[in-house]
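# Residue-level structural notes
Take a look at the letters that make up each chain.
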Amino acid sequence: MLEVFDTVAAMKAWARGRRRDGRSLGLVPTMGYLHEGHLSLLRQARRECDAVVISIFVNPTQFGPGEDLASYPKDLKRDLALASEVPVDAAFCPTPAEMYPEPYFTYVDVATLTAGLCGASRPGHFRGVATVVTKLLQILGPDRAYFGAKDAQQLAVIRRLAADLNFDTAIVGVPTVREPDGLALSSRNVYLSPGERRAAPVLYRALQAARAQAAAGERDAGQLLATLQSTIAAEPLARIDYAAVVDPVTLQPITRLCGQALAAVAVRFGKARLIDNMLLP
Ligand code: AMP
C-alpha cells in the first residue's frame with residue numbers, strides 16, 4: 001500500500017519509523033509526470049532498499065523567470081498509480097508553501113560545478129536543485145538516493161553536495177532510459193510538436209557520432225565538439241544551446257581525451273529545451 005504524505009512532519013515521522021525498524025530506505029526525487037526513466041530509478045531502488053519513497057514536487061526554486069514552472073506537466077493521480085505498481089512504499093507530495101514556508105532564507109550553492117553547461121543558461125537552477133535535495137535528504141535521511149545519468153550535471157552536483165556536506169546517503173546514478181529512436185525520456189518531451197519530435201533524436205545521433213569518433217581514436221576534443229555541433233546544426237528545427245566535451249567529475253572543458261570524457265548537449269526545439277549526454281571511451 002502506497003502511503004501519501006504532504007507534510008514534512010508526517011513524512012519525517014514515517015521515515016524515522018522505517019529507520020528505527022532497521023530497514024534501509026531509498027529515495028527517488030522527481031518532479032512527477034512519471035515516465036519509464038523515473039520508473040527505472042524506482043525499480044532499482046526497490047531492488048536495493050527495504051523501503052522506497054518517491055518525492056513528487058515541482059520545485060519552484062529551480063525554475064528561472066520565464067521558464068516553464070507554470071506549464072510544467074502534472075498528473076498526480078497517474079503518478080501515484082504508476083508508483084504503486086513498482087511498488088513504492090511512500091510518496092512525498094508537499095506544496096511549495098510546505099517546503100518553503102515564509103519567511104524562507106536558506107539556500108545551498110555548489111560552486112564551480114554549476115558555472116558551465118546548464119548552469120550558464122539557467123542561472124540559479126542548481127541552487128534550487130541543491131537546496132531541495134538537501135531538504136529532502138534532511139527530511140528522510142535515506143540510505144540511498146537515486147538520480148538519472150540523463151541529468152549528468154545534476155548528478156555531479158549532488159554527488160559533490162553529499163560529499164561536501166557529509167550526508168550519510170549514498171548517491172546512486174542510474175543509466176538513461178531512451179525511446180527506441182534514441183531520444184532520452186523526459187517529462188518535457190510533451191512540449192514537442194510532431195515535427196519536433198521527429199527531429200529530436202538528433203541529440204542522440206550527435207552524441208553517438210562523437211562517441212564513434214572517440215572510439216576510433218580521435219583524442220582532440222575540438223574535433224569531437226565540431227562533430228556534435230555540425231550534426232545538430234544539420235537539423236533545421238534544432239537551435240543549439242550548448243555542446244561541450246568535459247571532464248565527467250569536474251565538468252571543466254577538456255582539450256584532449258585522456259581517460260573518460262563526457263559529451264553533453266542542450267538543444268531547443270520550439271519551446272522545449274532538451275538535454276542529453278554520453279560518456280566517451
Ligand atoms: P525529473 O522529474 O525530470 O526532475 O527527474 C527525476 C529524476 O529522474 C532525475 O534524477 C532524472 O535524472 C531522472 N530521469 C529523468 N529522465 C530520465 C531518463 N530518461 N532516464 C533515467 N533517468 C531519468
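Whatever comes next refers back to the structure up there.
Residues numbered from 1 in each chain as written. Predicted model: local features only at pLDDT ≥ 70, side-chain atom pairs only at ≥ 80, totals over all residues. Heavy atoms only, no water.

Here the focus is the nonpolar core. Counting residues in each nonpolar core, the largest one holds 47 residues, and the members touching the most others are M11, W14, V53, F92, M99 and V133. Top contributing element to this core by residue count: helix 6 (residues 125-140), with nine residues. Once residues lying within four places of it in the same chain are set aside, the contact partners of M11 are F5, V53, A90, F92, I139 and L140. (Core = buried A, V, L, I, M, F, W, Y, C linked by side-chain atoms within 4.5 Å. Buried < 20%, exposed > 50% of the residue type's maximum accessible area, 1.4 Å probe, protein only. Helix = DSSP H or I, 4+ residues; strand = E, 2+ residues; numbered from the N terminus. Contact = heavy atoms within 4.5 Å.)

Where helix 6 meets helix 7 (residues 152-164), the closest approach of the two axes is 10 Å, and the angle between their N-to-C directions is 50°. The orientation of helix 6 with respect to helix 7, classified from their angle, is oblique. With respect to the hand of their crossing, helix 6 and helix 7 are arranged in right-handed fashion. Taking contact as the criterion, the partners of F126, V129, A130, V133 and T134 in helix 6 are, on helix 7, Q153, Q154, V157, I158 and L161. The residue inventory of the contact of helix 6 with helix 7, partitioned by class, reads seven nonpolar, three polar and no charged. (Axes fitted to C-alpha atoms, helices over the stretch in contact; angles between N-to-C directions. Parallel < 35°, antiparallel > 145°, perpendicular 65-115°, else oblique. Left-handed = near helix turned anticlockwise from the far one by under 90°. Nonpolar A, V, L, I, M, F, W, Y, C, P; charged D, E, K, R; others polar.)

Note that R188 resides in the loop between strand 6 (170-174) and helix 8 (194-199). Taking relative accessible area as the criterion, R188 reaches 16% and is therefore assigned buried. The residues contacting R188, other than those within four sequence positions of it, are F63, D68, Y72, R122, A272 and R273. Among the polar contacts made by the side chain of R188, one reaches the side chain of D68 at a distance of 2.8 Å. (Polar contact = N/O pair within 3.5 Å; in protein donor to acceptor, adjacent residues only side chain to side chain.)

Here R18 is to be found in helix 1 (residues 8-20). No salt bridge is formed by the buried R18; its nearest oppositely charged neighbour, E3, is found at 4.1 Å. When near neighbours in sequence (up to four residues on either side) are disregarded, R18 contacts E3, R23 and A51. (Lys, Arg positive; Asp, Glu negative; His and termini not counted. Salt bridge = Lys/Arg side-chain N within 4 Å of Asp/Glu carboxyl O.)

The next thing to look at is the site of the ligand. As a structural note, the neighbourhood of the ligand is formed by 17 residues, with H38, G148, D151, V177 and L185 the closest of them. In the environment of the ligand, a nitrogen atom lies 2.8 Å from a nitrogen or oxygen atom belonging to the backbone of L185. Isolated, the ligand exposes 480 Å² of accessible area, and the fraction of that covered by the protein chains is 93%. Sorting the residues of the shell around the ligand by element identifies strand 2 (25-30), helix 2 (36-48) and strand 5 (144-148) as the ones contributing at least two each. Element by element, the count of residues in the shell around the ligand is highest for helix 2, at three residues. (Near = heavy atom within 4 Å. Areas by Shrake-Rupley, 256 points an atom, 1.4 Å probe, with all protein chains shown as cover.)

The strand order 7-8-9 describes an open sheet built from three strands, whose pairing is antiparallel. Either end of the sheet is taken by a strand with one partner, and the two such strands are strand 7 (239-246) and strand 9 (272-280). Recorded for the sheet is a direction-independent mean angle of 10° between the axes of neighbouring strands. Direction of pairing for strand 8 (residues 261-269) relative to strand 9: antiparallel, over a ladder of nine bridges. Bridge pairing links A264 to N277 in strand 9. Running over the sheet, helix 9 (residues 202-215) touches strand 8 and strand 9 and is turned about 20° from strand 9. (Pairing = 2+ DSSP bridges.)

On the secondary structure map, P180 appears in the loop between strand 6 and helix 8. Of the residues examined, P180 reaches a relative accessible area of 87% and is grouped as exposed. Spatially, the C-alpha atom of P180 lies 9.8 Å from that of P201, the residues being 21 residues apart in sequence.

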